[in-house]
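What the coordinates show
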Amino acid sequence: MGFRCGIVGLPNVGKSTLFNALTETAAAQAANYPFCTIEPNVGRVAVPDERLDRIAEIAKSAQEIETQIEFVDIAGLVRGASQGEGLGNQFLANIREVDAIVHVLRCFEGGDVTHVEGRVDPIADAETVETELMLADLDSLERRVPNLVKKAQQGDKEARVEASVLGQALELLRGSKPARLTQPKDAEEHKALQRAQLLTAKPVLYVCNVDENDAANGNELSARVFEKAAAEGAKAVVVSAAIEAEIVTLPPEEREAFLSDLGLEETGLSRVIRAGYELLGLLTFFTAGPKEARAWTVRRGAKAPEAAGAIHTDFERGFIRAETIAFDDYVACGGEAGARDAGKLRSEGKDYVVKDGDVLLFRFNV
């Protein structure tokens with residue numbers, strides 16, 4: 001399944017450094033699959049999950065295969081992008097193709113890198129990018145909504161749904177608020193909003209790029225970004241791109257000590273990857289056996305047949321049941337056999353909603 005996060009930001013904020021560190025991390029991972037560079041600016045990385053290590057240990061699996069998420073380094077933005085300035089048209093087209101936006105913001109003073117606008121203000125930077133996205137959405141909806149309203153008045157049911165939810169989005173945009181604050185009243189409106197592919201409806205993760213001294217706790221600039229994120233239903237993480245670039249050059253056995261010296265428990269990239277995964281509304285389930293233990297990705301709310309389809313379409317088409325063990329029960333019982341003996345293995349049908357951490361074995365017939 002292709003879940004894509006697009007990395008955006010103004011020039012000289014650390015966007016490319018972050019992406020390069022991500023790709024170096026992926027290339028250096030002790031992976032059971034090759035790092036995939038689809039294009040020069042696209043890469044897939046594994047989602048860190050300690051649960052997989054534990055499952056593989058219990059199942060005595062020969063290999064582990066982590067689930068992945070895709071990051072896209074999107075072309076830079078300048079003011080006027082919504083009108084095609086610079087690489088504006090390419091920028092907007094690339095954002096339409098991703099599922100979530102990772103917005104890198106400069107949250108450090110000084111240094112050798114000059115800010116493109118001659119000042120360090122992450123909130124203003126965020127607003128520069130978001131303004132261009134809102135202008136593009138506003139232009140789109142001001143042309144579309146009146147036509148939808150006319151069709152709705154003529155009895156078109158689908159147009160009535162779209163006019164309702166997109167009209168709400170249009171009012172938000174006219175008030176300088178992103179379309180992701182739109183509140184669909186039902187599943188039909190939710191689907192209509194998704195179909196509209198509005199740029200500002202996409203979930204956002206703000207990455208606060210700080211200097212080394214602030215990597216553990218952030219600073220006043222990053223605190224302002226966290227406040228902004230909370231106010232608009234977005235997420236934020238603190239990262240030092242400089243530290244991440246240095247970490248990927250170290251041998252694996254030296255990285256933990258290096259992080260510890262800086263007061264960090266994990267890399268910032270691990271936080272970015274995990275936050276991006278959560279931002280997309282995804283969860284992880286596992287399969288385990290002597291050949292491999294593997295993590296799989298599905299959207300939250302997915303039912304068992306959809307999870308089966310993540311492995312192979314035949315599994316979904318011929319789904320019979322899913323033998324299910326919660327992760328904690330799998331560990332406590334020492335694996336599948338122990339869970340079965342303890343009555344912790346459940347047989348779930350087509351309506352079962354998969355839970356994060358489920359260890360599943362699918363029964364199917366095609």
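What comes next concerns the included structure. All figures in this text were calculated on a predicted structure; none of them were measured in a lab. (Residues numbered from 1 in each chain as written. Predicted model: local features only at pLDDT ≥ 70, side-chain atom pairs only at ≥ 80, totals over all residues. Heavy atoms only, no water.)

1. Section: the side chain of Asp137
The condition that has to hold: The way it works is that DSSP assigns letters per residue, a run of H or I at least four long becomes a helix, a run of E at least two long becomes a strand, and they are numbered from the N terminus. Three labels apply to residues, based on accessible area from a 1.4 Å probe with only protein chains included: buried if under 20% of the type maximum, exposed if over 50%, partly exposed otherwise in between. Charge counting treats Lys and Arg as positive and Asp and Glu as negative, with His and both chain ends excluded. One speaks of a salt bridge when a side-chain nitrogen belonging to Lys or Arg is within 4 Å of a carboxyl oxygen belonging to Asp or Glu. Two residues qualify as a contact provided that any one of their heavy atoms is within 4.5 Å of a heavy atom in the partner residue.
Looking at the secondary structure, you find Asp137 in helix α4 (residues 122–153). Arg96 is the oppositely charged side chain nearest to the buried, salt-bridge-free Asp137, at an N-O distance of 4.6 Å. Apart from residues no more than four positions distant in its own chain, Asp137 is found in contact with Leu173, Leu198, Leu199, Thr200 and Ala201.

2. Some thoughts on the packing of aromatic side chains
Defined as follows: Between rings of Phe, Tyr and Trp, where Trp is taken as its six-membered ring, a pair exists when centres lie within 6.5 Å; planes separated by under 30 degrees are stacked, by over 60 edge-to-face, and by other angles tilted. Whether a charge sits over a ring comes down to the Lys NZ or Arg CZ being within 6 Å of the ring centre and within 35 degrees of the ring normal.
Summed over the entire model, instances satisfying the criterion amount to 4 aromatic pairs. Ring plane angle 90° and centroid distance 6.1 Å describe the contact between Phe285 and Phe362, whose orientation is recorded as edge-to-face. With Phe285 in strand β9 (residues 282–288) and Phe362 in strand β13 (residues 359–364), the pair connects residues that are 77 residues apart, well separated along the chain. Given a relative accessible area of 0%, Phe285 falls into the buried group. Connected via pairs of aromatic rings, a cluster forms that spans Phe285, Trp296, Phe319 and Phe362. Positioned over the ring face of Trp296 is Arg294, at 4.3 Å from the centre of the ring.

3. Notes on the nonpolar core
Stated formally: Here, the term nonpolar core denotes a set of buried Ala, Val, Leu, Ile, Met, Phe, Trp, Tyr and Cys residues that are joined through side-chain atoms within 4.5 Å.
Counting 55 residues, the largest nonpolar core has Ile69, Phe71, Leu205, Tyr206, Val207 and Val225 as the members making the most contacts within it. It is helix α10 (residues 268–279) that contributes the most residues to this core, 6 residues altogether. Discounting residues that sit within four places of it in the chain, Leu205 has contacts with Ile101, Val102, His103, Lys235, Ala236, Val237, Val272, Ala275, Gly276 and Leu279.

4. Description of a negative patch on the surface
For the record, the criterion: The residues that make up patches have over 30% relative accessible area and no salt bridge, and they are joined within 9 Å when like-charged or within 5 Å when they are Val, Leu, Ile, Met, Phe, Trp or Tyr. Only the protein chains shown count as covering a residue, and every accessible area follows the Shrake-Rupley method with a 1.4 Å probe. Here the site of a charge means atom NZ of a Lys, CZ of an Arg, CG of an Asp or CD of a Glu.
On the surface, Asp156, Glu158, Asp186 and Glu188 cluster together to form a negatively charged patch. Within the element layout of this structure, Glu188 appears in helix α6 (residues 187–195).

5. Some remarks on the packing of α4 against helix α5 (residues 157–174)
For any two helices packed against each other, one specifies the crossing angle of their axes together with the interaxial distance. Note the cut-off: Axis lines are fitted to C-alpha atoms, over the contacting stretch for helices. Their N-to-C directions set the angle, which ranges from 0 to 180 degrees. Two helices cross in a left-handed way if the nearer one is turned anticlockwise from the farther one by less than a right angle. They cross in a right-handed way if the turn is clockwise.
Two elements in contact, α4 and α5, have axes separated by 8 Å at closest approach and are oriented at 145°. Helix-helix and strand crossings are classified by hand; for α4 and α5 the assignment is left-handed. Across the interface between the two elements, Met134, Asp137, Leu138, Leu141, Glu142, Arg144, Val145, Leu148, Val149, Lys151 and Ala152 of α4 pack against Ala159, Arg160, Glu162, Ala163, Leu166, Gly167, Ala169, Leu170, Leu173 and Arg174 of α5.

6. Digging into helix α7 (residues 220–231)
Short version of the rule: Helix span is expected to be 1.5 Å times the residue number reduced by one. Relevant arc is that of directions from the helix axis to the C-beta atoms, nothing else. Polar contact is the term for a pair of N or O atoms within 3.5 Å; when the atoms are in protein, one must be able to donate a hydrogen and the other to accept it, and sequence-neighboring residues count only if both atoms are side-chain atoms.
Compared with the 16 Å implied by 1.5 Å per residue over 12 residues, the 17 Å span of α7 between its first and last C-alpha is a close match. Of the residues making up α7, those classed as buried are Leu221, Ser222, Val225, Lys228 and Ala229. Down the axis, α7 shows its buried residues gathered within 110° of arc, on one side only. In α7, those exposed residues whose orientation departs by more than 90 degrees from the buried face are Glu220, Glu227, Ala230 and Ala231. Each element contacted by the buried residues of α7 is listed here: β6 (100–106), α4, β7 (204–209) and β8 (235–239). You can read the cap of α7 off the contacts: a side-chain oxygen lies 3.0 Å from the backbone nitrogen of Leu221, and it is on Asn219. Directly after α7, the chain includes Gly233, whose backbone phi takes a positive value near 70°.

7. Brief notes about the side chain of Glu232
Mapped onto the fold, Glu232 is located in the loop between α7 and β8. Residue class for Glu232 comes out buried when judged on its relative accessible area of 8%. A polar atom in the side chain of Glu232 sits 2.8 Å from the side chain of Arg180. Here the side chain of Glu232 touches Lys228 through a polar contact of 3.1 Å, side chain to side chain. If near-sequence neighbours (up to four positions away) are discounted, Glu232 is found in contact with Glu130, Arg180, Leu181 and Tyr206.

8. A few points about the pattern of salt bridges
Taken as a whole and judged by the stated rule, the model has 24 salt bridges. Here Glu70 makes a salt bridge to Arg4, at a shortest N to O gap of 2.4 Å. Note that Glu70 is positioned in strand β5 (residues 68–73) and Arg4 in strand β1 (residues 4–8), a separation of 66 residues in sequence. A single burial state applies to Glu70 and to Arg4, both of which are buried. When the shortest N-O distance is used, the salt bridge between Glu323 and Arg321 registers 3.6 Å. Residue class for Arg321 comes out partly exposed when judged on its relative accessible area of 31%. Sharing partners across several salt bridges, the network here consists of Arg321, Glu323, Glu336, Arg340 and Arg363.

9. Quick notes on the pairing of strand β3 (residues 42–46)
Which entries qualify depends on this criterion: Strand pairing is assigned whenever DSSP identifies at least 2 bridges connecting the two strands.
Of all 5 residues that make up β3, 4 are buried, and the element is covered over most of its length. The pairing of β3 with β5 spans 5 bridges and is antiparallel. Considered in β5, the bridge of Val42 is made with Val72.

10. Concerning unusual backbone geometry
In this structure, Lys60 is a non-glycine residue whose phi angle is positive, near 55°. For Lys60, the location among the structural elements is in the loop between α2 (50–59) and β4 (63–65). Phi angles above zero are rare outside glycine, and Gln197 is one such case at about 50°. By secondary structure assignment, the location of Gln197 is in the loop between α6 and β7.

That is the geometry; function is a separate question.
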